[in-house]
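Listed below are the residues making up each chain.
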Amino acid sequence: MQTVAVLSLKGGVGKTTVVLGLASAAMRRGVRTLVVDLDPQCNATACLEPEPTSKGLSDVLADPRPAVLRAAVTGSSWGEEVDVLVGSEDAENHNGHHPDGRHLSRLTEALSELDGLTAEGELPYQLVLLDCPPSLGRLTRSALIAADRALLVTEPTIFAVSGVQRAFEAVHAERESNNPRLQPLGVVVNRVRPRSHEHQFRIDELRDIFGPLVMPVALPDRLAVQQAQGACMPIHQWGTPGAREVALAFNLILARTLRAGRSRHSESDDELLDGAE
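Since this is a predicted model, take the numbers as computed values, not measurements. (Residues numbered from 1 in each chain as written. Predicted model: local features only at pLDDT ≥ 70, side-chain atom pairs only at ≥ 80, totals over all residues. Heavy atoms only, no water.)

Engineer: Help me out: how do you make sense of the overall build of the protein in this one?
Structural biologist: Secondary structure summary: the protein contains eleven helices and seven strands in total. Taken over the C-alpha trace, the protein has a radius of gyration of 17 Å; the compact-globule value for 277 residues is 19 Å, and the two agree within 12%. If one aligns the C-alpha atoms of the protein with their principal axes, the spans along those axes are about 50 × 45 × 35 Å. Per-residue burial for the protein yields a buried fraction of 55% across its 277 residues. When contacts within the protein are restricted to residue pairs at least 6 apart in sequence, those whose partners lie at least 24 apart make up 80%. Entry remark: accessible area of the protein is about 12,200 Å², with carbon and sulfur atoms responsible for 49%. (Helix = DSSP H or I, 4+ residues; strand = E, 2+ residues; numbered from the N terminus. Rg over C-alpha atoms; globule rule 2.2 N^0.38 Å. Buried < 20%, exposed > 50% of the residue type's maximum accessible area, 1.4 Å probe, protein only. Contact = heavy atoms within 4.5 Å. Areas by Shrake-Rupley, 256 points an atom, 1.4 Å probe, with all protein chains shown as cover.)

What follows is the structure, given as structure tokens:
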């Protein structure tokens, strides 16, 4: 099982869009996926239209026992390949400072019980996507402690570039202090307009900062993304030319994600991490 935290420390750059796009690509490929909605805005939960549950993320963080996790995870309207650990608006209560550092490991404890949720004859989860809020509170830190990889999301704008730099520093700090297996998966540039000189300048700036961690494929700025989300549909099923262009980009990002999950050695990632500092 590959667990990926999707984050940026600037709001509105499209973290949830990336999570939903990867879930759509995974579903198309037959990869059983769990989306964990850590953002108190619960946008990923809304787009996936899950079946009703008696518990949510806030309950799991308060009590990570298997029974609570089982009550908070349910199927989505997208299909049997994509499930949801449903978000909670009151998850914000778990986002502030807490003197007991053990609270940061509760998400890890809960996710370690996922195999026990698999019914007889079902495939286990192969991919877990953690949709983080746009802040470095306990929710994002809990995700980084639980994750194998961190996927950073940005837009090609000056403030978003600054946000992804701070997010990268947070990944490195969490790796050093709490989760030595955590590795950066890459930087995804979202909402790119190919003819914009400003966008190309910012992408070049990102490549100067992060080198090969910047994904070779960027996500184009297409109305189809908002249309598919508004209809609560996977981008791969929307069917317009713009949707097909975005879906292809997500296929390539998913392929890189799955390759990283199959890798048992992290020497090359260590070099990337050190080189981007």
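Engineer: Would you mind showing me how to read unusual backbone geometry here?
Structural biologist: Across residues other than glycine, the phi torsion is negative in most instances, and most of the peptide bonds are trans. Positive phi values are uncommon outside glycine, yet R191 reaches one of about 55°. The topology assignment puts R191 in the loop between β7 (183-189) and α8 (197-210). We note that C232 has phi near 55°; this positive angle belongs to a residue other than glycine. Tracing the backbone through its elements, the reader meets C232 in the loop between α9 (223-230) and α10 (241-262).

Engineer: Sorry, what's going on with the packing of helix α7 (residues 158-177) against α8 here?
Structural biologist: The axes of two packed helices give the description: the angle between them and the distance between them. Two elements in contact, α7 and α8, have axes separated by 10 Å at closest approach and are oriented at 20°. Between α7 and α8, the crossing angle belongs to the class labelled roughly parallel. You can see that α7 and α8 cross each other, and the crossing is right-handed. Here I158, V161, V164, Q165 and F168 of α7 lie close against α8, whose contacting residues are R202, E205, L206, I209 and F210. Here the residues of the contact of α7 with α8 sort into seven nonpolar, one polar and two charged. (Axes fitted to C-alpha atoms, helices over the stretch in contact; angles between N-to-C directions. Parallel < 35°, antiparallel > 145°, perpendicular 65-115°, else oblique. Left-handed = near helix turned anticlockwise from the far one by under 90°. Nonpolar A, V, L, I, M, F, W, Y, C, P; charged D, E, K, R; others polar.)

Engineer: Can you walk me through the environment of E109 in this structure?
Structural biologist: Turning to its location among the elements, E109 is positioned in helix α5 (residues 106-111). Sequence separation of E109 and L61 is 48 residues, and the distance between their C-alpha atoms is 9.3 Å.

Honestly, that's just the spatial picture; any functional story needs more than this.
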